[in-house]
Amino acid sequence: MSFQTPFLHVLARSMLLLALAMGLLGTARAAGDTQGATAQSRFWIDTTGQASVDDVVRLPVDQFLPMAQQRSFTLGDGALWLRLELPALDPAQRWLLMLDGSAFTDRASLFQPDAAAGWRAQHAGDRLPVAQWSIPDRSPVFALHDTAAPRTVWLRLANKPAPVSPRTYLLTADELQHKRSWTFLLVGGYLGFGLLVMFLGWVHARLYGDRAFVAYVVYVACMLGFQTAFTGLGGLFFWPQWAAWNNAAPAVFMLWLTGSGIWFVREVCSLSRYHRGLDRLALAWSVFGLLYPAAYLTLQSAPALAVLNLYGLLSVLLSIGLCLWAWRQGERYAGWMALGFLPVHLGYPFPALRAAGVLPDSWGAQYAVLIGSAIEIPLLLYILHRRAKDFNENRARLRALDSTDPLTGLTIVPVLNLRLRDAIRRARRYGHHCALLLVELSNHADLRLRLGQDTGDRALVLAAARLTRVMRDVDTVCRVTNTRFVILVEGPQRPEHLKLLAQHIVAKGLEPASILPDDATLRFRLVSTLLPADREIATEEDERVEARRTLQRLHRALDELADDPRKAVLHLPREQPANPALAETPGQDDGAIGQPLPDAASR
């Protein structure tokens, strides 16, 4: 089966997973969207960032502009004040105000009037450890007091250098818990699935020794880190006391994710094989993503943020371009990699444009990359698995060339010589005989002349396959010349068995084959003999000489047999030992091969 069909099956399953994830996330989102408070609010921007809540309350009402729709604000060192007019709420419920989009909020402070203390303040945001928030959660959440009557509350937001796009929701405690449960279930399942895929990728890296799997594991690890930081779960569960890291983690993981993605593309597309300049460009691009977080965190400025966003968007275009270019150069799996990256490439612009202030904060901007990566990660692993499997099979074939015939896949002559000497040694040690057959495809020249070289090669391959099918797994079949094959039959062997085997081989060649024309068959001609010549202990050099002399004897006999086209099989008697004294060994006979061997009792 081609690679395309199973890949499309995996893609179809992944799209089904996408639809399911979007439905579940939509359900989780709907739990807290029933009472959005942002659209009814009014805002004022404090350009200095120094105004207190008392200063803001004293401002004329006409300085506050209506928040008619979702929008982004680039504040710099300033602050955004929201005036929220809350309606009368059910006092039997515990009401909360949730600010979504935690990755883009450095400081969030809610001020509620209090008759005794003047103002009751609650604080949250990335600049404050999550453990010190008024209500620790993945996003800033504030408790509302005295909700029985309508009232005005003030929300101060600050974020630098990324724009802020506030989304506030009024929730009851039960609604908030329901929203939390769905979010933890889905994002936690995503992280668990990602860890499983990382483990499988590492197993493949150890199994195949392919650096592409190492790059894949690093890429998935950065993706999981980015999603953990971006969704706010990292600050809630993994680093609740580290405010500085909680603020920096989304940008750092985004840069590492992008750099490792280009490194991954570089390894899979084998750029160094096709163009050294592109290979160095991809490597330098990856190193920039690894090192730029230090510069970004030091500067924390609008130009530094612009470089970050530009680096991410250009990386998407670069990865697509490199994959398609390598595919055009003949790298088969580079084209599939471009399709595998597609879910994340389609989802990445939403959070990137949100970070740049082009798009307001939204559910799609928050979860687009998460959903896309849930599809992308298994697709990439499947593509890598098929790629490594094909490469491993190719390497196995290359290694096999050292010990097999390239055309037929049979054992080569040096291996035959080694096995033949070992068989002679075992036969002499255990007092039995092994057999050696020399088989020739006698009509090969005729097939090649009548039907062409391609048919002649097919006939050789078919001959090798049929000879191998006739023999046992322990026996050895070797092509020693263009049309001649040697078969080493491990012992113990008897002459009558050898005659039946020869008849079976000749009959097997006459069977019709689908890869040959209807009138074409394989005509085998063969000679055979038993080994060893004697049962006395011999040196390794004697065994080598005996093996070589036996093969020469079979070749001469087969040449003579060609003069008689009516005869296809010839059984040679065992060769007489060089030492006449050895011929007098009890139980041995100097006659033809048809003489039965003595059984164990007579020996």
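These lines cover the structure that appears in this document, whether it is placed above or below. (Residues numbered from 1 in each chain as written. Predicted model: local features only at pLDDT ≥ 70, side-chain atom pairs only at ≥ 80, totals over all residues. Heavy atoms only, no water.)

1. Observations regarding empty space enclosed by the protein
Here is step 1 of the chain: Enumeration according to the criterion identifies 8 cavities of 30 Å³ or more in this entry.
Here is step 2 of the chain: As a volume, the largest cavity reaches approximately 360 Å³.
Here is step 3 of the chain: Lining the largest cavity are 25 residues; nearest its centre among them are F104, P250, A251, Y296 and A355.
Here is step 4 of the chain: Elements represented by at least two residues in the lining of the largest cavity include exactly α4 (211–230), α6 (243–269), α8 (276–299), α9 (302–328) and α11 (349–356).
Here is step 5 of the chain: Residue contributions to the lining of the largest cavity peak at 5 residues, all from α6.
Here is step 6 of the chain: A breakdown of the residues in the lining of the largest cavity according to their chemical character gives 18 nonpolar, 4 polar and 3 charged.
Here is step 7 of the chain: Roughly 200 Å³ of volume is contained in the second largest cavity.
Here is step 8 of the chain: As for the second largest cavity, its lining consists of 17 residues, of which Y219, T258, V316, V344 and H345 are closest to the centre.
Here is step 9 of the chain: Put simply, the parts of the chain that give the lining of the second largest cavity at least two residues each are α4, α6, α9, α10 (332–347) and α12 (363–400).
Here is step 10 of the chain: The leading source of residues in the lining of the second largest cavity is α6, at 5 residues. (1 Å grid on protein atoms, 1.4 Å probe; cavity = no way out; pocket = protein on both sides within 12 Å on 5 of 7 lines; lining within 4 Å. Points joined across faces, edges and corners; volume = space filled by probe spheres on them. Helix = DSSP H or I, 4+ residues; strand = E, 2+ residues; numbered from the N terminus. Nonpolar A, V, L, I, M, F, W, Y, C, P; charged D, E, K, R; others polar.)

2. Quick look at helix α15 (residues 453–470)
Here is step 1 of the chain: Over its 18 residues, α15 runs 26 Å from end to end, which matches the ideal 26 Å to within 8%, given 1.5 Å per residue.
Here is step 2 of the chain: Buried residues of α15: T455, G456, A459, L460, L462, A463, A464, R466, L467 and V470, and no others.
Here is step 3 of the chain: In the core, the buried residues of α15 are packed alongside β10 (434–441), α14 (444–451), β11 (476–479), β12 (484–489), α16 (495–509) and β13 (524–531). (Expected span 1.5 Å × (residues − 1). Buried < 20%, exposed > 50% of the residue type's maximum accessible area, 1.4 Å probe, protein only. Contact = heavy atoms within 4.5 Å.)

3. Quick word on the environment of H497
Here is step 1 of the chain: With respect to the secondary-structure elements, H497 resides in helix α16.
Here is step 2 of the chain: The exposure class of H497 is partly exposed, given its relative accessible area of 43%.
Here is step 3 of the chain: Sequence-wise, H497 and A435 are 62 residues apart; in three dimensions their C-alpha atoms are separated by 9.8 Å.

4. Side note on the sheet that holds strand β5 (residues 107–114)
Here is step 1 of the chain: With antiparallel pairing, 6 strands are arranged side by side in an open sheet as β2-β1-β3-β8-β5-β6. Each having just a single partner strand, β2 (65–66) and β6 (118–124) make up the two edges of the open sheet.
Here is step 2 of the chain: In terms of strand pairing, strand β3 (residues 79–86) meets strand β8 (residues 151–158) through 7 bridges, oriented antiparallel. Bridge pairing in β8 links R83 to W154. (Pairing = 2+ DSSP bridges.)

5. Overview of the packing of aromatic side chains
Here is step 1 of the chain: One pass over the structure, following the stated rule, counts 19 aromatic pairs.
Here is step 2 of the chain: Centroid distance F288 to Y311: 5.2 Å. Interplanar angle 50 degrees. Geometry classified as tilted. Placement of F288 in helix α8 and of Y311 in helix α9 is noted, with a sequence separation of 23 residues between them. (Phe/Tyr/Trp six-rings, centres within 6.5 Å; stacked < 30°, edge-to-face > 60°.)

6. Digging into a nonpolar patch on the surface
Here is step 1 of the chain: Nonpolar side chains collect at one region of the surface, where F193, L196, F199, L200 and V203 lie side by side and expose about 430 Å² of accessible area between them.
Here is step 2 of the chain: Following the sequence through the fold, L200 ends up in helix α3 (residues 173–208). (Patch = residues over 30% accessible without salt bridge, like charges linked within 9 Å, V, L, I, M, F, W, Y side chains within 5 Å. Areas by Shrake-Rupley, 256 points an atom, 1.4 Å probe, with all protein chains shown as cover. Salt bridge = Lys/Arg side-chain N within 4 Å of Asp/Glu carboxyl O.)

7. Looking at the side chain of E543
Here is step 1 of the chain: You can see E543 is positioned in helix α17 (residues 540–561).
Here is step 2 of the chain: At 2.9 Å, the side chain of E543 forms a polar contact with the side chain of R425. (Polar contact = N/O pair within 3.5 Å; in protein donor to acceptor, adjacent residues only side chain to side chain.)

8. Re the packing of α9 against α10
Here is step 1 of the chain: The N-to-C vectors of α9 and α10 enclose an angle of 160 degrees; their axes lie 7 Å apart at closest approach. Classified by the interaxial angle, the pair formed by α9 and α10 is roughly antiparallel. When the axes of α9 and α10 are compared, the crossing they make is left-handed. Between α9, through V316, S319, I320, C323, L324, A326 and W327, and α10, the contact on the second element is made entirely by R332, A334, G335, M337, A338 and H345. (Axes fitted to C-alpha atoms, helices over the stretch in contact; angles between N-to-C directions. Parallel < 35°, antiparallel > 145°, perpendicular 65-115°, else oblique. Left-handed = near helix turned anticlockwise from the far one by under 90°.)

Purely spatial values, then, with no claim about function.
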